[in-house]
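# Topology and contacts: notes
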Number of protein chains: 6
Amino acid sequence: MRILTINPNTNISFNKALEKTAEKYALSTTTVKVISPDSGPQSIEGSYDEALSVTATVKTFLEHQTDYDGFIIACYSDHLSTYAIREITEKPVIGIAKASVMVACTLGDRFSIVTTNDRWKPLLREAVEKYGVRSRCASVRTTGMSVAALKEESEEVVREKIEREALAAIEKDGAEVICLGCAGMTGFDKELEKKTGVPVLDGFVCALKLIELYHQYGITHSKRRRYSAPLGKKLKGFSEIFLSAYKK
Amino acid sequence: MRILTINPNTNISFNKALEKTAEKYALSTTTVKVISPDSGPQSIEGSYDEALSVTATVKTFLEHQTDYDGFIIACYSDHLSTYAIREITEKPVIGIAKASVMVACTLGDRFSIVTTNDRWKPLLREAVEKYGVRSRCASVRTTGMSVAALKEESEEVVREKIEREALAAIEKDGAEVICLGCAGMTGFDKELEKKTGVPVLDGFVCALKLIELYHQYGITHSKRRRYSAPLGKKLKGFSEIFLSAYKK
Amino acid sequence: MRILTINPNTNISFNKALEKTAEKYALSTTTVKVISPDSGPQSIEGSYDEALSVTATVKTFLEHQTDYDGFIIACYSDHLSTYAIREITEKPVIGIAKASVMVACTLGDRFSIVTTNDRWKPLLREAVEKYGVRSRCASVRTTGMSVAALKEESEEVVREKIEREALAAIEKDGAEVICLGCAGMTGFDKELEKKTGVPVLDGFVCALKLIELYHQYGITHSKRRRYSAPLGKKLKGFSEIFLSAYKK
Amino acid sequence: MRILTINPNTNISFNKALEKTAEKYALSTTTVKVISPDSGPQSIEGSYDEALSVTATVKTFLEHQTDYDGFIIACYSDHLSTYAIREITEKPVIGIAKASVMVACTLGDRFSIVTTNDRWKPLLREAVEKYGVRSRCASVRTTGMSVAALKEESEEVVREKIEREALAAIEKDGAEVICLGCAGMTGFDKELEKKTGVPVLDGFVCALKLIELYHQYGITHSKRRRYSAPLGKKLKGFSEIFLSAYKK
Amino acid sequence: MRILTINPNTNISFNKALEKTAEKYALSTTTVKVISPDSGPQSIEGSYDEALSVTATVKTFLEHQTDYDGFIIACYSDHLSTYAIREITEKPVIGIAKASVMVACTLGDRFSIVTTNDRWKPLLREAVEKYGVRSRCASVRTTGMSVAALKEESEEVVREKIEREALAAIEKDGAEVICLGCAGMTGFDKELEKKTGVPVLDGFVCALKLIELYHQYGITHSKRRRYSAPLGKKLKGFSEIFLSAYKK
Amino acid sequence: MRILTINPNTNISFNKALEKTAEKYALSTTTVKVISPDSGPQSIEGSYDEALSVTATVKTFLEHQTDYDGFIIACYSDHLSTYAIREITEKPVIGIAKASVMVACTLGDRFSIVTTNDRWKPLLREAVEKYGVRSRCASVRTTGMSVAALKEESEEVVREKIEREALAAIEKDGAEVICLGCAGMTGFDKELEKKTGVPVLDGFVCALKLIELYHQYGITHSKRRRYSAPLGKKLKGFSEIFLSAYKK
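Since this is a predicted model, take the numbers as computed values, not measurements. (Residues numbered from 1 in each chain as written. Chains lettered and ligands numbered in written order. Predicted model: local features only at pLDDT ≥ 70, side-chain atom pairs only at ≥ 80, totals over all residues. Heavy atoms only, no water.)

## As for the relation of the copies chain E and chain F
- Between chain E and chain F, the superposition needs a rotation of 180° and an axial shift of 0.0 Å, giving an RMSD of 0.0 Å. What the superposition gives is, in effect, a two-fold axis relating one chain to the other.
- Most of the interface of chain E is mirrored in chain F, where 100% of its interface residues are also at the interface. (Least-squares fit on C-alpha atoms with pLDDT ≥ 70 in both. Contact = heavy atoms within 4.5 Å.)

Quick look at the structure:
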């Protein structure tokens, strides 16, 4: 199958790392492409960033949808584009936060998310609650580093900070599984797994394997109610491609 | 005080009705302006519509923010623009769904929302859960009419359908308060109140009076964590006005 | 409008402070009177105190109800008199705890309550749960001071203790909004707001502004089920005024 | 042991029925006395009735406490006097609603409460939530009869209405246990048990047996925090007996 | 009445202690026998141990059921045998964990469980959630000692460790009642009660007194749905006694 | 990879159907074997049946574990053997109920389970609650047919009954995804999907694909706390193979 991964921010330096991860874990029959919209913020660290990345992410989907069988939104948030795209396609779509959280729930009693800055505490608590598994979330812990810092700091420093928070989540908060709460942490999972002794999940891998799972089983998200096709209507100031997504 | 109401869809026919409602309930010292973005869908009936209305709504805010003291997002959904705007301003901002739901919780044991089509059932359950008051929501009931139909059908038919669902919510689901779940239902509250014998809330009035409440008390949303200013970053393909909202 | 505030304890020294607060925040068209019953405990610090203050609070309401348009029960607890009075009037009534908690939920992700002694921890958790917003309460923190001490200690000491707990609620418990958990803390909000950098709510102001909101919108609590008028019945040992409140 | 049951209303005709029930189920070493305050409403059907019965119920306790080893508040509500009395005594005290609900939780998956009029639906949902077992309550069903009607209607009619609701709770709501939601229904349990095929609980019997359980095990409610002794304070307009309950 | 207590592990040294406790608290008309299956693990410290003890526990019940009027499963877990046995008998059956937790809920705001090793944290959280009272559980605390160590260490050391955790539960976690989370801790309750100042519950005593309560009231678990008799079916490799339990 | 599926009942006629399903959906590099224990009940329809199938299921695992890389417990219940086996292996293990429920949560707002007889209503509600996703379960619906009837009735009748309940779950209860609540319903998914228009999940396929997902990602359940290896101990009356599973 052909999977398109849309990284909703415009920092394409992460995309290479995601493709490298995909090569490692995708089935031999799966091809995975990672792209970013050509406009939008360089990282997504809250609702303003999200707001500025939604339209371009949806547009990226619309432009490429016919060439792919499944889609991943590679932002560790409850990104609105995931919902919007599910309404306008019958092909499977998933975000990396939800993917990692739902897989985590199958592996242990409770999970914690380790991510970047403090705003993600309320944001990811909200997300986890929306996914219906709040009682299984032991904590959201943050390193205090911005997404940018993940690339600017030496990788060693970044990994140490993540490890410290992961261990605290396990020892103090009761986590039995760790979710890496940022697409930029791709590739950190296996080493951290060795250091902490618990499963460590890269949300991108979880999303990739779930999309493959859907494809092989021949299932996709329900088109009843929540993700039914949008009702046709007038649309001002948008190109034809956006209009075409409305149900006739 | 000066309140700007942004109706995130491009159907300006509703805006007049909202201004009429505002005239009735605003303090004499309050002026209320209702405007729509110049691009976007004609109604918002799901996540795709929401996605296409977010940037323009935020832009409308950015262009007018200096002239107003408080802001209302007049869409009965958990519209992402509310959160984005809260991050980039210290002036009070609220959406009409949250406003009506929180006021409803102070007036009776449980409330129901009566709205248009079926997709709103999961969407508003999600919203109510996010606002933390799911156990106080007796039901979300729908008339089956699209937002467009609210204007196309005779008002008598529309009111009858709303009344039927409101009465069912009260008798069968245990609601003691009714929230009108669409900005387009503004002005229907008082007649329905007489027919049902319970408080009926127009979310726009609730939002307007809460913004006045915040202003008079000198409070606004917390700028700690959830609504802290967005971290500065590169932004591709957006005009200067969007970039200026980032914290230096 | 004319608002009657009933402070259910007999310590009238707080009433002056409340009236001073009211002068600061009430609309110019609003008059606010604060009175206490002529019998009962000097402070309300638990269920026994509450039990001894209920009848006198209801009686105070009955004696003055015709002269006022709305009522505040100025005790930071889930005081039974609020519910009893809502059953026997169609005019709006609210308690200061519920008012502050519901306003807090509109301003940030989660709130904490800072109050006096340890019994309030379970008591206010119970209250917050009853208001349906338990998941939005980060913590109930206590200074360890009795209500009496609020007046006996130097105000500086009191303010310092409150500030310490408020900061701990913000940093350790994740609160983004602070509710002052005692009517006796009226007037402490704005200074604490400056010191903590988050909204600090005086429940009395919240109640006052909500009553004004109800009045201006022409709404009141639902008279269906929960607050329907009490069924008529024999009443032994109570004066005529209590009997008159029963539905014929 | 000696148990005092306080029926907080002034309808002493129920007290005989309760004593008859007590004779049937109490241990031979237990004596059970049922009394009512000499003032207050003839039945308790909401918060106003409750407010007018609290002080007299506490007074009844204070006057008789030394002669008894345990106390039952025989009103199927979350009566404030139970909490007030727990603060001022180290002897066990329980209300009949909580007793029946907690025993019900040990006997089946979910329970329903069958009671009198519609106000009890929100009131008992609130109570069940406060007892922490809301997810185990299948429904609160009402016969529509006032408490008075329980005595005025022929017993046959009353029993039939209760049976109809109990069966509906079992078949439609999924209840596996029925709680009789009114002290006035004492004695109806065993016949209804035969007709429905599920356990039917008389809250008074549950309370009586729990008080005996506490006594035999030598336990009572915790005096830490929630039920710690009330702090000493001035008390206006109350007799010495009320003042004596304060901790020195 | 005659109560059979089945200790599902094969360490009969605990059974004497349980019988001693029973002598102290059972009614004079009650006889209590404590036995263990003749096969299975020496202690139950997780799901594997539980799995190996279930069949033998059920068999022990089947062999002795006619001689007894009520049954206790003396393992502080949510032992599957309790559910299996409830399906095949109409006589009352209860486990000691559920008994202590439900009694604890009637005595204070929240309870904590103090038990042996760390696996019990998720296991007992799961159990408490299944009993429907998760919001009333302040914490599950562990001493780090295996069940074996309870007998091997000097009793003084064991008691000290339990006391330390109990005090932390009260001071830090907000517990007002302590449940001893292991059958092997029988007899430790009263001394710990003196040291902590809060009720301390031995689950075995709670179970014993609840079984007596059921017996005296003439009630048992509901035979509707959850505990209805198992449907008859073929059974390979089990003796006749197991087959006889199926409904014809 | 090599997957062993253990059907915990002794009705091997289902095993063929499961292998046929596996052939359809497993990767070409995966082999799936389905076996049953040689003792135990012919179907599992409650806790008594479960109790009689646990030891033999664990034994089957122990005898075959070295030949396989992952394990499925093919009983649509929260079967104790899944937990027991997770403690004694580091290879991935999952039950079909949890697998289908967690996949369902990724595909729509809420799911319903359609299963056989009424006891499964409380049993599966319990399970769903334990998996942490109770708020996402719209309903558990039952056809009223025993597991045996699934084979005895004409397949047409069975499918019709399932379809009727699935449609009711979608229309009345708000389900957007259907889980087939019995291993014996394998193969019914795709036809029902066509008839209902929503995703229909065969728990066995979900489990199979999740095990493959774990294997390809190189993850397994957490061995910290909940599934840590059982502490070594004496074990009476069990063969050496059971003893060998204890940690040294």
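Past the structure itself, the notes keep going.
## Re the side chain of Ser139(D)
All names here are of chain D.
- Structurally, serine 139 can be placed in strand E7 (residues 137-142).
- A distance of 2.7 Å separates a polar atom in the side chain of serine 139 from a polar atom in the side chain of aspartate 173.
- Among residues more than four places away in sequence, those in contact with serine 139 are Phe111, Ser112, Ile113, Ala169 and Asp173. (Helix = DSSP H or I, 4+ residues; strand = E, 2+ residues; numbered from the N terminus. Polar contact = N/O pair within 3.5 Å; in protein donor to acceptor, adjacent residues only side chain to side chain.)

## Considering the packing of helix H2 (residues 47-64) of chain E against helix H3 (residues 80-88) of chain E
All names here are of chain E.
- Packing of H2 against H3 leaves a shortest axis separation of 9 Å and a crossing angle of 30°. Classified by the angle between their axes, H2 and H3 sit roughly parallel to one another. Crossing of H2 over H3 shows right-handed handedness. On the side of H2, the interface is formed by Glu50, Val54, Thr57, Val58, Phe61 and Leu62, while H3 contributes Leu80, Ser81, Ala84, Ile85 and Ile88. (Axes fitted to C-alpha atoms, helices over the stretch in contact; angles between N-to-C directions. Parallel < 35°, antiparallel > 145°, perpendicular 65-115°, else oblique. Left-handed = near helix turned anticlockwise from the far one by under 90°.)

## Describing the side chain of Arg86(B)
- When you line up the elements, Arg86(B) lands in helix H3 (residues 80-88).
- Here Arg86(B) is buried and forms no salt bridge, its nearest opposite-charge partner Glu176(C) lying at an N-O distance of 7.8 Å.
- One polar contact links the side chain of Arg86(B) to the main-chain carbonyl oxygen of Val93(B), over a distance of 3.0 Å.
- Every residue in contact with Arg86(B), bar those within four places of it in the chain, is listed here: Val93(B), Ile94(B), His221(B), Lys223(B), Tyr227(B), Thr106(C) and Leu107(C). (Buried < 20%, exposed > 50% of the residue type's maximum accessible area, 1.4 Å probe, protein only. Lys, Arg positive; Asp, Glu negative; His and termini not counted. Salt bridge = Lys/Arg side-chain N within 4 Å of Asp/Glu carboxyl O.)

## A look at the interface of chain A and chain F
- The interface is formed by 51 residues belonging to chain A together with 51 residues belonging to chain F.
- Each partner contributes to the roughly 3900 Å² buried at the junction of chain A and chain F, and carbon and sulfur atoms together form 55% of this total.
- For chain A, the biggest contributors to the area lost against chain F are Thr106(A), Tyr217(A) and Arg224(A); these three give 19% of the whole.
- Summed over the shared surface of chain A and chain F, the result is two salt bridges.
- Across the pair Arg224(A) and Glu171(F) runs a salt bridge, and its minimum N-O distance is 2.9 Å.
- Applying the counting rule to chain A against chain F returns 33 residue pairs in polar contact (both at pLDDT 80 or more).
- Listing elements by their share of the side of chain A that touches chain F, those giving two or more residues are helix H4 (96-104), helix H5 (120-130), helix H7 (155-171), helix H8 (189-196), strand E9 (200-202) and helix H9 (203-217) of chain A.
- By residue number, the principal contributor to the side of chain A that touches chain F is H9(A), which donates nine residues.
- For the side of chain A that touches chain F, the per-class residue count stands at 24 nonpolar, ten polar and 17 charged. (Buried area = accessible area lost by both parts, 1.4 Å probe. Nonpolar A, V, L, I, M, F, W, Y, C, P; charged D, E, K, R; others polar.)

## Overview of the sheet that holds strand E9 (residues 200-202) of chain E
Residues and elements named next belong to chain E.
- One open sheet accounts for four strands, arranged E7-E6-E8-E9; its pairing is parallel. Each of the sheet's edge strands pairs with one partner strand only, and the pair in question is strand E7 (137-142) and E9. Each strand of the sheet is rotated relative to its neighbour by a mean of 25°, with strand direction disregarded.
- Across three bridges, the pairing between strand E8 (residues 177-180) and E9 is parallel. From the neighbouring strand, leucine 180 faces E9, where its bridge partner is aspartate 202. (Pairing = 2+ DSSP bridges.)

## Side note on the interface of chain E and chain F
- Chain E puts 49 residues into the contact, and the matching count from chain F is 49 residues.
- Summed over both sides, the interface of chain E with chain F buries roughly 4100 Å², with 56% coming from carbon and sulfur.
- Taken as a group, Tyr48(E), Arg119(E) and Arg226(E) account for 19% of the area that chain E buries against chain F, more than any other trio of residues on that side.
- At the junction of chain E with chain F, the criterion picks out twelve salt bridges.
- Asp118(E) is the partner of Arg225(F) in a salt bridge, and the nearest nitrogen-oxygen pair spans 3.5 Å.
- The interface formed by chain E and chain F holds 32 residue pairs in polar contact (both at pLDDT 80 or more) in total.
- Elements with a minimum of two residues in the side of chain E that touches chain F: strand E3 (40-41), H2, H3, helix H5 (120-130) and strand E10 (235-236) of chain E.
- Broken down by element, the side of chain E that touches chain F gets its largest block of residues, ten residues, from H2(E).
- Here the residues of the side of chain E that touches chain F sort into 22 nonpolar, twelve polar and 15 charged.

## A look at the relation of the copies chain A and chain F
- Expressed as a screw transformation, the operator carrying chain A onto chain F has a rotation angle of 180° and an axial translation of 0.0 Å, and the superposed copies differ by an RMSD of 0.0 Å.
- The overlap is high: 100% of the interface residues of chain A also sit at the interface in chain F, so the same surface is used on both sides.

## Concerning the domain arrangement of chain A
All names here are of chain A.
- Partitioning chain A into structural domains gives domain 1 (2-96 + 205-243) and domain 2 (98-201).
- Domain 1 and domain 2 are separated by 22 Å when their C-alpha centres are compared.
- Contact with domain 1, which involves 22 residues of that partner, is made by 28 residues of domain 2.
- Of the roughly 2000 Å² buried between domain 1 and domain 2, counting both surfaces, carbon and sulfur atoms make up 63%.
- Summed over the three residues of domain 1 that lose the most area to domain 2, namely Phe14, Glu45 and Tyr76, the buried surface amounts to 38% of that side.
- Inspection of the domain 1/domain 2 interface yields one salt bridge.
- At the boundary of domain 1 and domain 2, one finds seven residue pairs in polar contact (both at pLDDT 80 or more).
- Going through the elements one at a time, helix H1 (13-25), strand E5 (93-95) and H9 are the ones with two or more residues in the side of domain 1 that touches domain 2.
- No other element matches the six residues that H1 contributes to the side of domain 1 that touches domain 2.
- Tallied by class, residues from the side of domain 1 that touches domain 2 come to 13 nonpolar, seven polar and two charged. (Domains from an automatic or database assignment.)

## Some details on the arrangement of the chains
- Chain B shows no contact with chain E. Their nearest C-alpha atoms sit 15 Å apart.
- Separated in space, chain C and chain F share no contact, their closest pair of C-alpha atoms being 15 Å apart.

## Points about the sheet that holds strand E4 (residues 70-73) of chain D
Residue and element names in this part refer to chain D.
- Spatial strand order, E2-E1-E4-E5: four strands in an open sheet with parallel pairing. Each having just a single partner strand, strand E2 (31-35) and strand E5 (93-95) make up the two edges of the open sheet. Strand-to-strand twist in this sheet, taken as the mean axis angle between neighbours without regard to direction, amounts to 20°.
- Strand direction decides the pairing type here: strand E1 (residues 2-6) and E4, joined by four bridges, are parallel. From the neighbouring strand, isoleucine 3 faces E4, where its bridge partner is glycine 70.

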